[in-house]
Amino acid sequence: MKIALPVNNKSDDTDICVSFGRTPYLMIYDTQTKQSHFFDNAAADSPGGAGIKTAQFVADQGVEAVLTPRCGENSAQVLKAAGVKLYKTTGDSAAGEIEKFAAGGLAELNDIHPGFHGHGGR
Amino acid sequence: MRIAVLSGKGGTGKTLVSVNLAAAAKAAFYIDCDVEEPNGHLFFKPENVREKEVTVAIPVVDEHQCNGCRRCVDFCRFNALAFVGGKVSVFEDICHSCGGCALVCPVNAISEKQRVVGMVRRGESGGVGVLGGIMNPGEASGMPLIKQLMRDSFASPGYLTFIDCPPGSGCLVMESIRDADYCVMVAEPTTFGASNLQSVYELVKLFGFPHGVVLNKCLDGENPSEQFCLDNGIEILGKIPFDKILGKITSEGQIAVRESEAYARLFGALLQTIIRDVRHETTVNPQRKRRYG
């Protein structure tokens, strides 16, 4: 199963990015092969609709779960339509959160925020 | 003759100046382009008001026609479309109604529907045609309303037209001043006021509009906005005092030139100064390219 995380760096010891739609990079991790791949997020600096485009990319990669500290309503709508599940991260380290997820230690993300829509906010 | 009144922030006196100039002109148009929080109508209390809905086009995708090629999704630079679960999702709030998705669709699966985003209204008050609009709650942009107001205002050309701009120097202001012959910037006598004046001054200069400044809320002593005008060689068209009588008239929703001889003279003189400047400009620079006119 492939899982995706918004991350700040393209390395296995990266932190998780607080923004899903405007994350600079996406880490896609395969729980079977234990391999991770990093992608530039083409939507990071789009003028609008960043979450939609990021979610589209994640869905197109065949990802089944996203681990993120938060997610806006537009991204969530795309991910839901694609059958991608959302899990809420509780720490900063990508590797640590993947471990927790594998052990069944992450809850589903239900508090979808209405989006920042050009107003950033961290 | 189209005169836009703008300022770097809200509460500086755009509505005070544009309403009173239009009332002083007697036969004129007043357009309230602050479609987020319109207030010019509170002063004019227009009669015979006619309202008209403003709509934007939103794509509708026929799922049976769609072949899943995703050209529309790739084309949309606003990211208003997604293709998941075998179909196209449209995010209406993000769509800018450019119509590009329908053009690039190879199987003509995309048609358009109209979505109401607000309304424009038009009435009359003592010889002044009063135009304005208001967005529906929750809408992201007032742009379609301002475009509609601009088109409507050119239906009766030749009139003196005063455009009460939204605050700031963003997209909505640019659209409001687009076809102006002259820009009047209103400024407060504070350091913050001078900083806001600078932001609109840069905008007006960038687009090459003839312009001048009205100093509002003037008190004795230091006026950073006046200093800014002097330092940059900007014409000061007039000064409005920080006056209790004017404050009282305005707070009661009355128009100063209709209530007070003194203010009828003040705004009458201001109007003559502006008209003289515009005539001078149209002689010097006769052909401005218009978008709506």
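Predicted, not measured: the structure shown is a model, and the values here were computed from it. The numbering scheme is per chain: residues are counted from 1 as the chain's sequence reads. Labels follow written order: the first chain is A, the first ligand is 1, and so on. Predicted model: local features are reported for residues with pLDDT of at least 70 only, side-chain atom pairs are reported and counted for 80 or more only, and whole-chain, interface and lining totals are derived from all residues. Values shown for side chains rest on all heavy atoms present in the structure; no hydrogens or waters enter the calculation.

Here the focus is the interface of chain B and chain A. Pairs of residues are marked as contacts when any of their non-hydrogen atoms sit within 4.5 Å. With eleven residues of chain B at the contact, the number on the chain A side is 14 residues. Between chain B and chain A the total buried area reaches about 980 Å² when both faces are included, carbon and sulfur atoms providing 58% of it. A quick way to say it: buried area is the sum, across both parts, of accessible area lost when two parts are put together, with a 1.4 Å probe. For the chain B face of the interface with chain A, the top three residues by lost area are B:Asn79, B:Val84 and B:Phe91, together amounting to 54%. Put simply, a salt bridge is a Lys or Arg side-chain nitrogen that is within 4 Å of an Asp or Glu carboxyl oxygen. At the junction of chain B and chain A, the tally comes to one salt bridge. Between A:Asp60 and B:Arg70 there is a salt bridge, with its nearest N and O atoms 2.3 Å apart. Polar contacts, as counted here, are pairs of nitrogen or oxygen atoms within 3.5 Å of one another; within protein the pair requires one atom able to donate a hydrogen and one able to accept it, and residues that are adjacent in sequence qualify only if both atoms are side-chain atoms. Summed over the shared surface of chain B and chain A, the result is five residue pairs in polar contact (both at pLDDT 80 or more).

Any two of the Phe, Tyr and Trp rings considered here, Trp counted by its six-membered ring, make a pair once their centres fall within 6.5 Å; the pair's planes then place it as stacked at under 30 degrees, edge-to-face at over 60, or tilted in between. Under the definition given, this model contains seven aromatic pairs over all chains. One residue, B:Arg77, lies across the ring of B:Phe78, its end atom 5.9 Å from the ring centre. Distance and angle both matter: a charge sits over a ring if NZ of Lys or CZ of Arg is within 6 Å of the ring centre and within 35 degrees of the ring normal.

The strands making up a sheet associate through hydrogen bonds between their backbones, and the pairing can be parallel or antiparallel. All names here are of chain B. Whether two strands pair depends on DSSP finding at least two bridges between them. Under the DSSP-based scheme used, a helix requires at least four consecutive residues in state H or I and a strand at least two consecutive residues in state E, with every element numbered from the N terminus. Spatially, nine strands are ordered S3-S6-S7-S2-S8-S1-S9-S10-S11 in an open sheet, and the strand pairing comes out mixed. Strands at the two margins of the open sheet, each flanked by one partner only, are strand S3 (47-61) and strand S11 (236-241). Across the sheet, the axes of successive neighbouring strands diverge by a mean angle of 20°, strand direction being ignored. In this structure, strand S1 (residues 2-6) lies alongside strand S9 (residues 182-187), joined through four bridges in parallel fashion. Whenever a helix is involved, its axis is fitted only over the stretch in contact; in every case the axis is a line through C-alpha atoms, and angles between N-to-C directions fall within 0 to 180 degrees.

Residues and elements named next belong to chain B. Burial of strand S2 (residues 28-32) is extensive: five of the five residues sit out of reach of the surface. Of the pairings in the sheet, the one linking S2 to strand S7 (residues 128-135) comprises five bridges and is parallel in character. Bridged to Ile-31 within S7 is Leu-131. Using a 1.4 Å probe on the protein chains alone, a residue whose accessible area is under 20% of its type maximum counts as buried, one over 50% counts as exposed, and one in between counts as partly exposed.

In this section: helix H3 (residues 94-102) of chain A. Residues and elements named next belong to chain A. Every buried residue belonging to H3 is among Ala-94, Glu-97, Ile-98 and Phe-101, and all of these are buried. The buried residues of H3 occupy one face: seen down the axis, they fall within an arc of 105°. In the core, the buried residues of H3 are packed alongside strand S1 (2-7), strand S2 (25-30), strand S4 (65-68) and strand S5 (85-88). Where H3 begins, one side-chain oxygen reaches toward the backbone nitrogen of Ala-95, 3.4 Å away; that side chain belongs to Ser-93. Immediately beyond the C-terminal end of H3, within one or two residues, lies Gly-104, with a positive phi of roughly 75°. Directions are taken from the helix axis to each C-beta atom, and the arc is the one they span.

The next subject is unusual backbone geometry. Of note in the backbone geometry, A:Lys34 takes a positive phi value of approximately 60° without being a glycine. Of note, A:Lys34 is situated in the loop between S2 and strand S3 (35-40). A positive phi is found at B:Asn48, a non-glycine position, where the angle reads about 50°. With respect to the helices and strands, B:Asn48 occurs in strand S3. Of the residues examined, B:Asn48 reaches a relative accessible area of 63% and is grouped as exposed.

Confidence scores per residue from the predictor, reported as pLDDT, run from 0 to 100. Looking at chain B, the pLDDT average stands at 94 and 97% of residues meet or exceed 70. Under the prediction, the complex receives an ipTM of 0.86, its pTM being 0.80.

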